[in-house]
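Report on the structure
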Amino acid sequence: MKIGVFDSGIGGLSVLKSLYNSKLFEKIIYYGDTARVPYGTKDKDTIIKFCLEALEFFKQHKVDFLVIACNTASAYALDALRQNCSFPIFGVIEAGINETKKQIKDKNKKILVIATKATIDSKEYQKRLTLEGFTQIQALATGLFVPLVEEGIFEREVLNSVFNYYFKDIQNPDALILACTHFPFLSNPLENYFENNIKLIHSGDSMVEFLKNHYTLKIYKETKIEFYASSNVDYLKFIAKKWLNF
Ligand code: DGL
């Protein structure tokens, strides 16, 4: 089974990592739109246009289905993408909501969604969580986390001052939805920061669970990955090696 993974840039490697570690896929084609990242600061029409252009790439590579690793793209472009191709397309938001339902049984638990500005503005997470019956939802755009991860800045001092800035008015949440591809790389510092057995919902792991429910998948000895990018593919490969421990 050949699957495509699309992201606005390198952040989708967090989703790729989960897919790769699951060993459930024979071949993964990863494409990052590194020439035009970030999507999280752009408007709806621009995001849809970029995603439709990326779709042509996956059509040429004849993938069996496509995973939209990018939350921002999943929030705005899923309908347009699905209307323009014949293979199944899965976005991370639905997967993340399913995982939240699975992990958080008490609908009155405090849920905090963190994401790019565009994802938060789309209200996709907030609407879907409300429909599922969750009563205490907060949503926060934490855009600065993206360049921190891109720059590989993980020093506790720097991160904690950024966390203090964003979370100053947030009361300890019970669950944190990491609704941006980059944020799983901050899982440990975030867990340490909140100190209250907070449950972290990770897009990549949620996507693996979601796909397991959709397909009968077998275990492969090895998953082959091909990397493509609209700019500087060597950097993408370098980071992938580092983050995925190839
Ligand atoms: N991949 C994006 C997301 O998950 C984050 C980076 C961007 O803004 O493009 O929302």
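Throughout, residues of each chain are indexed from 1 in the direction in which the sequence is written. Given that this is a predicted model, residues contribute local features only at a pLDDT of at least 70 and side-chain atom pairs are listed and counted only at 80 or more, while totals for whole chains, interfaces and linings are drawn from all residues. Note that water and hydrogens are dropped before the side-chain values are worked out from all heavy atoms of the structure.

With respect to the environment of Val 113
By definition, any uninterrupted DSSP run of H or I lasting at least four residues is a helix, any uninterrupted run of E lasting at least two residues is a strand, and each is numbered from the N terminus. Relative to the assigned elements, Val 113 resides in strand E5 (residues 110–115). Each residue gets one of three labels from its accessible area relative to the maximum for its type: buried under 20%, exposed over 50%, partly exposed in between, using a 1.4 Å probe on protein chains only. The exposure class of Val 113 is buried, given its relative accessible area of 1%. Spatially, the C-alpha atoms of Val 113 and Leu 140 are 6.2 Å apart, while their sequence positions differ by 27 residues. Look past the residues within four positions of Val 113 in its chain and what remains in contact with it is Ile 120, Tyr 125, Leu 129, Ile 137, Gln 138, Ala 139, Leu 140, Ile 177 and Ala 179. Only heavy atoms enter the contact rule, under which two residues are in contact if any of them lie within 4.5 Å.

Considerations on the UniProt feature "active site" (unreviewed entry) in the protein
UniProt positions are given in the numbering used here, feature names are shortened, and annotations may be inferred rather than shown by experiment. UniProt marks Cys 70 and Cys 180 with the feature "active site" (unreviewed entry), using the numbering shown here. Spatially, the listed residues are clustered: although they cover 111 residues, their C-alpha atoms lie within 6.8 Å of one another. Considering only the residues just annotated, the largest pocket is lined by Cys 70 and Cys 180. Among the structural elements, Cys 70 can be located in the loop between strand E3 (65–68) and helix H3 (71–83). Cys 70 sits in the buried class, given a relative accessible area of 4%. When neighbours within four sequence positions are excluded, Cys 70 is seen to be in contact with Phe 6, Asp 7, Ser 8, Tyr 39, Val 92 and Thr 181. You can see Cys 180 is positioned in the loop between strand E7 (175–178) and helix H9 (187–194). Looking at Cys 180, the relative accessible area reads 5%, which means it is buried. Those residues within four positions of Cys 180 in sequence are excluded, and the remaining contacts are Asn 71, Ile 114, Ala 115, Thr 116 and Val 146. Only protein atoms enter the calculation, which uses a 1 Å grid: trapped sets of points that fit a 1.4 Å probe without letting it out are cavities, open sets showing protein on both sides within 12 Å along at least five of seven lines are pockets, and any residue with an atom within 4 Å of a point is a lining residue.

Examining helix H6 (residues 124–131)
Every buried residue of H6 is listed here: Glu 124, Tyr 125, Gln 126 and Leu 129. Next to the buried residues of H6 lie H3, helix H4 (92–103), E5, helix H5 (117–122), strand E6 (136–141) and E7. Positive backbone phi, at 100°, marks Gly 133, one or two positions downstream of H6.

Comments concerning the packing of helix H8 (residues 156–167) against H9
Running from amino to carboxyl end, H8 crosses H9 at an angle of 60°, the nearest separation of the two axes being 11 Å. It follows from the interaxial angle that H8 and H9 lie oblique. Seen from above, H8 lies across H9 with right-handed handedness. On H9, the residues that touch Arg 156, Leu 159, Asn 160, Phe 163, Asn 164 and Phe 167 of H8 are Pro 189, Leu 190, Asn 192, Tyr 193 and Phe 194. Class assignment of the residues belonging to the contact of H8 with H9 gives a composition of seven nonpolar, three polar and one charged. For helices, the axis comes from a line fit to the C-alpha atoms of the stretch in contact; other axes are also lines fit to C-alpha atoms, and the angle between any two N-to-C directions lies between 0 and 180 degrees. Geometric relationships in this document are graded by angle, where less than 35 degrees denotes roughly parallel, more than 145 denotes roughly antiparallel, 65 to 115 denotes roughly perpendicular, and other angles denote oblique. Two helices crossing with the near one rotated counterclockwise from the far one by less than a right angle form a left-handed crossing, whereas a clockwise rotation gives a right-handed crossing. We call Asp, Glu, Lys and Arg charged. Ala, Val, Leu, Ile, Met, Phe, Trp, Tyr, Cys and Pro are nonpolar, and the rest, Gly among them, are polar.

Side note on the nonpolar core
Ranked by size, the top nonpolar core spans 51 residues in total, and within it Leu 13, Leu 19, Ile 114, Phe 145, Phe 167 and Leu 190 carry the most contacts. Setting aside chain neighbours within four positions, we find Leu 190 in contact with Ile 114, Phe 145, Phe 163, Phe 167, Leu 176, Leu 178 and Phe 183. Ile 47, Cys 85, Phe 87 and Ala 179 belong to the second largest nonpolar core, which has 41 residues in total. Definition used in this section: a nonpolar core is a set of buried Ala, Val, Leu, Ile, Met, Phe, Trp, Tyr and Cys residues joined via side-chain atoms within 4.5 Å.

Structural notes on the layout of surface pockets
Grid points are joined across faces, edges and corners, and a volume is the space filled by probe spheres set on the points. Size it by volume and the largest pocket reaches roughly 220 Å³. Forming the boundary of the largest pocket are 19 residues, of which Pro 38, Gly 40, Thr 41, Thr 116 and Val 146 lie nearest the centre. Elements represented by at least two residues in the lining of the largest pocket include exactly H3 and helix H7 (145–151). By volume, the second largest pocket amounts to about 160 Å³. In terms of lining residues, the second largest pocket is bounded by Lys 44, Ser 74, Ala 75, Tyr 76, Leu 78, Asp 79, Arg 82, Ile 93, Glu 124 and Arg 128. The set of elements that each furnish at least two residues to the lining of the second largest pocket consists of H3 and H6. Of the residues forming the lining of the second largest pocket, the biggest block, six residues, is contributed by H3.

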